[in-house]
There are 2 protein chains.
Amino acid sequence: MDYRSLISSPTLLIDEKICRANIKKMADKASLHQMELIPHWKTAQSRTIGNWAKDYGIRQITASSIRQAAYMSNQGWENIHIAFPFNVREIPTLNKLTESQSISVQIVNTFTISKLAEELKNPIGFMIEIDAGYGRTGVHMSDFGKIDEILRIAAGSDKLNFIGFYIHPGHTYYMLDKEGIYHETRQALAMLKSKYQAQFESLKTRIGDTPGCAVANDFGDIDEMGPGNFVFYDLMQADLKSCEKSDIAVALAVPVVDIIPERNEILVHGGGVHLAKDFLQRENGQKIFGEVVLLNEKGWEIPSETSIVKSISQEHGLIKASKELLEQVKVGDLIGILPVHSCMTADAMGAYLSLTGEWVDHAEKKSF
Amino acid sequence: MDYRSLISSPTLLIDEKICRANIKKMADKASLHQMELIPHWKTAQSRTIGNWAKDYGIRQITASSIRQAAYMSNQGWENIHIAFPFNVREIPTLNKLTESQSISVQIVNTFTISKLAEELKNPIGFMIEIDAGYGRTGVHMSDFGKIDEILRIAAGSDKLNFIGFYIHPGHTYYMLDKEGIYHETRQALAMLKSKYQAQFESLKTRIGDTPGCAVANDFGDIDEMGPGNFVFYDLMQADLKSCEKSDIAVALAVPVVDIIPERNEILVHGGGVHLAKDFLQRENGQKIFGEVVLLNEKGWEIPSETSIVKSISQEHGLIKASKELLEQVKVGDLIGILPVHSCMTADAMGAYLSLTGEWVDHAEKKSF
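Residues numbered from 1 in each chain as written. Chains lettered and ligands numbered in written order. Predicted model: local features only at pLDDT ≥ 70, side-chain atom pairs only at ≥ 80, totals over all residues. Heavy atoms only, no water.

For chain A, the name recorded in an unreviewed UniProt entry is Amidophosphoribosyltransferase, with Algoriphagus formosus as its organism. The record held by UniProt for chain A lists under Sequence similarities (unreviewed entry) the comment "Belongs to the DSD1 family." (UniProt positions renumbered as here; feature names shortened; annotations may be inferred.)

Laid out in structure tokens, this is it:
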């Protein structure tokens, strides 16, 4: 059966073969560096894709909200880590979740750990998130006063088990010198490990960003890696040299609704509510909201001449088309769009269609 | 009951009073100009809010996809217009929908009208979308050859009823001279009306954009207005002077998860998957993804000193906070965020919470 016959409106395609190859490659890399791969499931948000990951030795995953963790719970994961500064308003939900699933949370301040110490009903693990220069969130790497205070409060509770330190060096997305950033991150984690290991024998350190994990070759004594986006990759990661475009495992299938040959443009049903609004910007100011691939019976191929999504609104996508594409495409056809940011596209779509025509689940489960 | 007690994670609040006032004001304006207001329901996407609109004489609505039209169907609307170049792959869905709901569609090329003529099972209306300079979609205003051909094909079918011409002058979002743009749009529609009215006696012309409908005072002989965003408004519209910030009818309630006083920053659970990623950019390069409001028992108030969402990632929102805000807020509190683009925020959230604690539906119905 040709999966295309199932599609009448914008639909997110997943190529299982590419996705499995991405997971295997990162798992092999983690192995090579004696690290455990604990992928961030904010990208895939899928139980089925979780089962694919188990084939490559993945035993634990990470979520970015308690909602995601709840969706992925009771599927055989040894632990689910919620890698977002814990929100104390969610303690009742956490107490419910931990009745049947091992959960760990992320801590960045003393108030939150105190509240957890008071109100937890079941044991959980926790990691302290460290800010090693990204400046989004985390305890500053040299704020030992705060780290000690968090650990002191936790020690007073029989329900809080310290796992270790977590760094998301998100600046690898913006800076070319990824090995340089990793050098700092490695040093920060090594310093914290040597300082606290006497007290916490099995302390682990974890790093979590796709560009770094994909590119770096020296992880020092970091124990765990937690990238997320690598499961699918996207145009942003291809731009960052984390992957090739042929490693991108998802593409949005969109119906062609008009062709404007005098402007070399193709109008598709596929806009911000499908792709999300992340874009790449070229030096000449050109914004790119996605890149066209040609769909065939077995999946998609990257055409020799590039065509881009040059603008989007809520439901409209306007493609600046190559001559080749304009010659091939008719109104009513489907074309594919490689997303700029696959995590956001998957979240917007809330479901995947496999190339063999089966629906694959996503936590946001929109009707399909 | 304080609605805030129901909130543990990011939740989109709706102020029914503000929303009703926005609808009433636009309905009054339409009346004053002897026009019919046929609002674009891509913003609200809600049956309940549709019922509010009926209190102000609204009898027809517009959708931007067949999915939205299906969600809003059989709720007593005289007609639902799908204001998106019709996608021929949806003809089977359209045939089903039109068994019980009057529907009209938008046409921009001859291929689509031919396919409809061949495959329609029930009568529908259609409007021809005209491009009067925005350059996104539509038949060029002077391409009478194409317009005539569309009308000729439709005349051969007993299921295709021509309603009239539709223009979305989306460039009112980018250009200061909205009256100037409207002057061109008015002229285009007046020209088309006088050219085709002899042939189609009850021909209507419609214009559909919030900035223009909110600001313009001369609609010439245009019959209908179809703005969408005005139901909620947002920071982008306030920037365009379509509304005041106090007219914004929705705010995202977000939990505070950390406070970084040395950087004047507040970290909230509320990111791109909640607000969407639209932003305003100030002359100094500062990006604004939302603006903080203070929540109280009855709703929200705009603080005297502005605090903005300066960056977002998938789940994180980082607020550059005023002194006043830093003094008032603690970890675990809720604050409100006025969205930059309310249509996208509502679509991302898929549900609303009223200020009296009732859930209000949205077509994307995420679990709540």
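J.: Sorry, what's going on with the overall build of chain A here?
T.: Each helix and strand counted, chain A has twelve helices and 21 strands in total. In terms of overall dimensions, chain A is globule-like: its C-alpha atoms have a radius of gyration of 22 Å, near the 21 Å expected for 368 residues. By its C-alpha atoms, chain A is 70 × 40 × 35 Å across when sized along the principal axes. Across the 368 residues that make up chain A, the buried fraction comes to 64%. Residue pairs at least 24 apart in sequence account for 64% of intrachain contacts in chain A once pairs closer than 6 positions are excluded. A total accessible area of about 13,900 Å² is found for chain A, and carbon and sulfur atoms account for 48% of it. (Helix = DSSP H or I, 4+ residues; strand = E, 2+ residues; numbered from the N terminus. Rg over C-alpha atoms; globule rule 2.2 N^0.38 Å. Buried < 20%, exposed > 50% of the residue type's maximum accessible area, 1.4 Å probe, protein only. Contact = heavy atoms within 4.5 Å. Areas by Shrake-Rupley, 256 points an atom, 1.4 Å probe, with all protein chains shown as cover.)

J.: I tried to follow the relation of the copies chain A and chain B on my own but got confused; where do I start?
T.: Each of the two chain copies can be brought onto the other by rotation about an axis and movement along it. Rotating chain A by 180° and translating it 0.0 Å along the rotation axis places it on chain B, where the RMSD comes to 0.0 Å. Seen this way, the second copy is the image of the first under a two-fold rotation axis. Closest to the rotation axis within chain A is the C-alpha of Lys277 of chain A, separated from it by 2.9 Å. Mapped onto chain B, 100% of the interface residues of chain A again fall at the interface, so both copies present the same surface. (Least-squares fit on C-alpha atoms with pLDDT ≥ 70 in both.)

J.: Please clarify how the environment of Gly156 of chain A should be interpreted in this entry.
T.: Among the secondary structure elements, Gly156 of chain A is positioned in the loop between helix 6 (144-155) and strand 8 (160-167). Residue classification places Gly156 of chain A among the exposed residues on the basis of a relative accessible area of 71%.

J.: Even after reading the chapter, I still don't get the side chain of Ser157 of chain B, so can you show me in this structure?
T.: All names here are of chain B. Within the fold, Ser157 resides in the loop between helix 6 (144-155) and strand 8 (160-167). With relative accessibility at 13%, the residue Ser157 sits in the buried group. Here Lys159 takes part through its backbone nitrogen, which lies 2.9 Å from a polar atom of the side chain of Ser157. (Polar contact = N/O pair within 3.5 Å; in protein donor to acceptor, adjacent residues only side chain to side chain.)

J.: I keep staring at the packing of aromatic side chains and nothing clicks. Help me out?
T.: The geometry of an aromatic ring pair comes down to the distance between the two centres and the angle between the two planes. Residue and element names in this part refer to chain A. Taken as a whole, this structure holds 13 aromatic pairs over all chains when the rule is applied. Relative to Phe165, the ring of Phe162 has its centre 5.4 Å away and its plane inclined at 75°; by these criteria the two rings are edge-to-face. Taking the relative accessible area as the measure of exposure, Phe162 reaches 13% and is therefore buried. Geometrically, the ring pair formed by Phe162 and Phe200 is edge-to-face, given 4.9 Å between the ring centres and 70° between the ring planes. One end of the pair, Phe162, is in strand 8; the other, Phe200, is in the loop between helix 7 (178-196) and strand 9 (204-207), and 38 residues separate them in sequence. (Phe/Tyr/Trp six-rings, centres within 6.5 Å; stacked < 30°, edge-to-face > 60°.)

J.: What am I meant to see in helix 6 of chain A here?
T.: Side chains that are three or four residues apart share a direction in an α-helix, a result of its 3.6 residues per turn. All names here are of chain A. The first and last C-alpha atoms of helix 6 sit 16 Å apart over twelve residues, in line with the 16 Å expected at 1.5 Å per residue. Taken together, the buried positions of helix 6 are occupied by Ile147, Ile150, Leu151, Ile153 and Ala154. The buried residues of helix 6 occupy an angular sector of 160° when projected down its axis, which confines them to one face. Within helix 6, the exposed residues directed more than 90 degrees away from the buried face are Gly145, Arg152 and Ala155. Tucked into the core, helix 6 has its buried residues touching strand 5 (103-107), helix 5 (110-119), strand 6 (124-131), strand 7 (139-140), strand 8 and helix 7. (Expected span 1.5 Å × (residues − 1). Arc of directions from axis to C-beta.)

J.: Would you explain the environment of Glu358 of chain A in this entry?
T.: Residues and elements named next belong to chain A. Its place among the elements puts Glu358 in the loop between strand 20 (352-354) and strand 21 (359-360). According to the relative accessible area criterion, Glu358 is partly exposed, its value standing at 46%. Taking the C-alpha atoms as reference, Glu358 lies 9.7 Å from Leu6; in sequence the two are 352 residues apart. When neighbours within four sequence positions are excluded, Glu358 is seen to be in contact with Tyr352 and Leu353. Engagement of the side chain of Glu358 in a polar contact is seen with the side chain of Thr356, the distance being 2.9 Å.

J.: I'm lost on unusual backbone geometry in this one. Help?
T.: It is generally the case that most residues other than glycine have a negative phi and that most peptide bonds are trans. Located in the positive-phi region is Lys241 of chain A, a residue other than glycine, with phi close to 70°. Relative to the elements of secondary structure, Lys241 of chain A occurs in the loop between helix 9 (235-239) and strand 11 (250-260). Even without being a glycine, Gln34 of chain B presents a positive backbone phi close to 55°. In this fold, Gln34 of chain B is placed in the loop between helix 1 (16-32) and strand 2 (36-37).

J.: Looking at this structure, I do not really get the pairing of strand 19 (residues 334-339) of chain B. What am I missing?
T.: Remark: a regular strand shows side chains that alternate across the two faces of the sheet. Residue and element names in this part refer to chain B. In terms of burial, strand 19 is largely enclosed, as six of its six residues are buried. Side chains of strand 19 alternate between two faces, with Leu334, Gly336 and Leu338 and Ile335, Ile337 and Pro339 buried alike. Pairing analysis gives four bridges linking strand 11 (residues 250-260) to strand 19, with the strands arranged antiparallel. Paired with Ala253 across the two strands is Gly336, which belongs to strand 19. In terms of strand pairing, strand 15 (residues 290-296) meets strand 19 through four bridges, oriented antiparallel. In the strand pairing of strand 19, Val292 is matched with Ile337. (Pairing = 2+ DSSP bridges.)

J.: When you look at the interface of chain A and chain B in this model, what are you seeing that I'm missing?
T.: Interfaces are frequently sized by the accessible area removed from exposure as the parts join. Contacts between chain A and chain B engage 54 residues on the former and 54 residues on the latter. In total, chain A and chain B occlude about 4,500 Å² of area from one another, counting both sides; carbon and sulfur atoms represent 51% of this. It is Arg89, Arg136 and Gln314 of chain A in chain A that bury the most area against chain B; as a group they hold 16% of the surface buried on that side. Put simply, chain A and chain B have four salt bridges between them. With a closest N to O distance of 3.6 Å, Arg263 of chain B and Asp131 of chain A form a salt bridge. Seen at the junction of chain A and chain B, the total is 22 residue pairs in polar contact (both at pLDDT 80 or more). Where the side of chain A that touches chain B is concerned, the elements lending two or more residues are helix 3 (66-72), strand 4 (79-85), helix 5, strand 11, strand 12 (265-269), helix 10 (272-275), strand 18 (316-320) and helix 12 (342-349) of chain A. Counting residues per element, the side of chain A that touches chain B draws most heavily on strand 12 of chain A, which supplies four residues. (Buried area = accessible area lost by both parts, 1.4 Å probe. Salt bridge = Lys/Arg side-chain N within 4 Å of Asp/Glu carboxyl O.)

J.: Explain the pattern of salt bridges to me, please; I cannot follow it from the model alone.
T.: Any two side chains of opposite charge can pair, so long as their charged atoms come close to each other. All names here are of chain B. All chains considered together, the criterion is met by 42 salt bridges over all chains. With a closest N to O distance of 2.9 Å, Glu265 and Lys310 form a salt bridge. With Glu265 in strand 12 (residues 265-269) and Lys310 in strand 17 (residues 308-312), this pair connects stretches of sequence that are 45 residues apart. Exposure remark for Glu265: the relative accessible area of 5% places this residue in the buried category. On the basis of relative accessible area, Lys310 is assigned to the partly exposed category, the value being 29%.

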